[in-house]
Structure formats: structure tokens, C-alpha cells
Amino acid sequence: MNSQGVVMGESQDPKLPEDMVVDMYQTMTLLNTMDKILYESQRQGRISFYLTNFGEEGTHIGSAAALNPKDLIFGQYREAGVLMWRGFTLDEFMDQCYGNESDVAHGRQMPVHYGSKDLHFVTISSTIATQIPQASGAAYAYKRAQNGLCAVCYFGEGAASEGDAHAAFNFAATLDCPVIFICRNNGYAISTPTQEQYRGDGIASRAPGYGMPCIRVDGNDIFAMYNVTKAAREICLSQSRPILIEAMTYRIGHHSTSDDSTAYRSVDEVNQWDKVENPILRLKKYMIAQDWWSEEKDKDWMKENRRRVIEAFQAAGKKKKPNPELMFGDVYDTLTKNLQQQMQYMKEHVEKYKENYPIDRFNSWKRNRQQYT
């Protein structure tokens, strides 16, 4: 599908039903709205950190829609759309970013480090590329289990420069692991442009050296992403072998709230990708041409999705923080002696200097403080 929303070649049209295409569009735009609200909230000091998905929504939704919902996902940190497609709710996104009492991680992770056991999405880790060999290992386990599922690993082209990527590719290839590696080549590894990252022909060109099939695809074309991911999954499982997809896209937003991309790229460059090559605009034009959508429907939907995001955002902000005791759990089945001592020390310290700690903002803190003092 080109930038005007026209499918180039009848054979390349996946012929997806109207309700599915509309769902894809609404998920991309909902993610876009959530990104705007949470990015602004970090600037206001409401959350500590945020990282947007602007410009890369097509790589998320196009690939996620082609997978089995039980395929195990290993993300980097810019794949919130995959999780949203699988059913992670706005409340769950907001609770995690706020680190409140409803956060499944109990506030122990940075914002945007999502995870969901129910949705088969492994919790995000900040350390670059660690998820790649983990995906190879999980795929090998799936191969042994013969469960008809595969592992899917997302990463940026910058992560492909890490040694972990080489180890993961080699293990997956030599052990014939059913894993799909999806590289989001968005042009920049934080501030380092691709021309300074490697001298070869992108990331896909590395696959033959490992004996892996590969394909390079327009990541801003949601139908192309759907087609190649669907085909990759079929090959991955039928032949029990890894496949590398290099999705060419563009990171429209700053790397994170800790970055100012105006220092290393021009506004004109960003505008070209935002106004012309944007995956959301492409799909919108396609839907309008099919008479499945209209500007009036779009206006109503944008109001509705902003209302949903604001409601979830406000609800998350009113919740208390988790019980501080929870920071010591989930490492050992039973708290070890040294952790019990550390927890007791924490409680005694807070009790002694309670005027410096907003303990009333924490869930169950008073009850548990009395229990141990």
C-alpha cells in the first residue's frame, strides 16, 4: 500500500474484513492518543519517564494481527501497540506508568516496561538486546514441546549491534528454533543514525550468514507487515526455522522523554515522515476509499478515544501507591533472612523519619506499619 492508501497489486491485498481493518485503525489511533497524553503527563511531572511509538504503529499492529494470540512476545520497549492489540487495557497501561496499587508489577518497573502473562507478553527490560537470546531459548522450548506456537522478538536496528543479537541468531539457526525476529529499523539508535551504525546493507542482509531466510518490508504499510508476518509464521512452524523481518520505518518522536531529537535531525525530515509516510494516514485513506470510514466518523472516533484515554489517566492518578513491603517480594518463594532484616530496617527508618515520607499515599502502609512496630 503506497502513501495514498492504494494497494499496489491485487495479489498483495490481504483482503481483510472491514471490521478487522477498522479495529486496526482504531487501535493505532488509540495508541497515538495515549502516547500524546502520557508524554505530556511526564512533562508535567505526573510520571517519571515515557517513550512514544509515533510513526511505528504500523509495524506493531500489522504484525500482531498476523500472529496467534498465544505466540510468546519478547519486546524491546517500543511495541506497546502489540500489547494493546492483544487486549491490554488503557487502565493497565496507565496503572503501570503510574506505578500505582493496581500495577501488576507493584510499581517496581520504569514506566512503559509492560508485561502480561495472560497475554503472552514477556515483561520489558531496559537493557538493550537481552530479549533476543531469550526469544531463541523460548522458541527452542516450544520446538521441544511441539505446541504449534512460535516466539516473536522485536528489537531496533541499534540492538542488532549488540553481541546478544549475534548469539541469538546463531543459536536460533543452528537449533532450528521457531522464532520470528522483527527488527524495527526506524533510522536512529537514540541519536545515532543508521549510516553511523553499520556499513552493510541494513539488518536483513545479515540473515544469510546465519542460514536464515529474511525479508525487508515497508514497516509503515500495515498490510505489508501483516502479509510478511503471516507468511513468516507459516514457514517458521512448518519448517521449524527462524526468520528475520526488517521493517523499514521511522521514529517520529524523540527517543524518550530524556532525548531532544532536534539536536541531531531536521524538522523537515520528521515532517516528511509524519505528514506523508505516516502509517495511520495511509490506512485512513484506504478505508475512506473503501467507503468504510469518513472524516465525520474519524472526528467522532478521535473525540471518543481521547475521552477513554483521559478517563483511564485520571483514574490511575487517583490510586494509591503499592504497599512498600512489596518491593521485597517475588524474588524468592519465602523471604530470606537478609530481606526480612532489610524490610524491618526500612519500616523502622520510615517510622523514625515519618515527617519526610508521604506514607498516607501508599496502600496498606499504616496497617502494616502498626503490625511491625
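Residues numbered from 1 in each chain as written. Predicted model: local features only at pLDDT ≥ 70, side-chain atom pairs only at ≥ 80, totals over all residues. Heavy atoms only, no water.

Enquirer: Hey, could you run me through the sheet that holds strand β3 (residues 151-156) in this one?
Expert: The strands that make up a sheet pair up through hydrogen bonds in the backbone, lying either parallel or antiparallel. Read from one edge to the other, the open sheet built from six strands follows the order β2-β1-β3-β4-β8-β7, with strand pairing classed as parallel. Of all the strands in the sheet, the pair left with one neighbour each is β2 (121-122) and β7 (214-218). With six bridges joining them, β3 and strand β4 (residues 179-185) adopt parallel strand pairing. Within β4, the position partnered with G156 by the bridge is R184. (Pairing = 2+ DSSP bridges. Helix = DSSP H or I, 4+ residues; strand = E, 2+ residues; numbered from the N terminus.)

Enquirer: When you look at the packing of aromatic side chains in this model, what are you seeing that I'm missing?
Expert: When we look at a pair of aromatic rings, we describe it by the centre distance and by the angle of the planes. Tallied over the entire structure, the rule returns 13 aromatic pairs. Aromatic pair F169 and F181: ring centres 4.9 Å apart, planes at 70°, arrangement edge-to-face. Taken together, the positions of F169 in helix α6 (residues 163-174) and F181 in strand β4 put the pair twelve residues apart, joining distant regions of the chain. Taken individually, F169 and F181 each receive the classification buried, so the pair is uniform in this respect. For the pair F223 and Y286, a centre-to-centre distance of 4.8 Å together with 85° between the ring planes defines the contact as edge-to-face. Of the two residues, F223 sits in helix α8 (residues 222-239) while Y286 sits in helix α10 (residues 279-289), which places them 63 residues apart along the sequence. Across the pair, exposure class does not vary: F223 and Y286 are buried alike. (Phe/Tyr/Trp six-rings, centres within 6.5 Å; stacked < 30°, edge-to-face > 60°. Buried < 20%, exposed > 50% of the residue type's maximum accessible area, 1.4 Å probe, protein only.)

Enquirer: Before we go on, may I ask you to explain the nonpolar core in this structure?
Expert: What tends to happen in soluble globular proteins is that the nonpolar side chains get buried as a cluster. By size, the foremost hydrophobic cluster in this structure holds 68 residues, and its most contacted members are M34, Y50, Y114, I180, L283 and M287. Broken down by element, this core gets its largest block of residues, twelve residues, from helix α1 (residues 18-43). Excluding its chain neighbours within four sequence positions, the residues that come into contact with M287 are V21, V22, Y25, W292 and W293. In terms of nonpolar packing, the next biggest core, distinct from the first, is built from 28 residues, A138, A151, F155 and A207 among them. (Core = buried A, V, L, I, M, F, W, Y, C linked by side-chain atoms within 4.5 Å. Contact = heavy atoms within 4.5 Å.)

Enquirer: Explanation requested: the pairing of strand β8 (residues 243-248) in the structure shown.
Expert: In regular strands, side chains alternate between the two faces of the sheet. In terms of burial, β8 is a largely internal element, five of the six residues being buried. Relative to β8, β7 is paired through five bridges, and the arrangement is parallel. Counterpart to C214 in the pairing with β8 is L244. On the question of chirality, the crossover connecting β7 to the parallel β8 by way of α8 is right-handed. (Right-handed = clockwise from strand over helix to strand, strands pointing away.)

Enquirer: Would you mind showing me how to read the environment of G58 here?
Expert: Residue position: G58 is located in helix α2 (residues 57-64). For G58, a relative accessible area of 0% corresponds to the buried category. For the pair formed by G58 and W301, sequence separation is 243 residues and the distance between their alpha carbons is 19 Å. Excluding its chain neighbours within four sequence positions, the residues that come into contact with G58 are M28, S63, G219, I222, M225 and P279.

Keep in mind that these numbers describe shape and distance, not what the molecule does.
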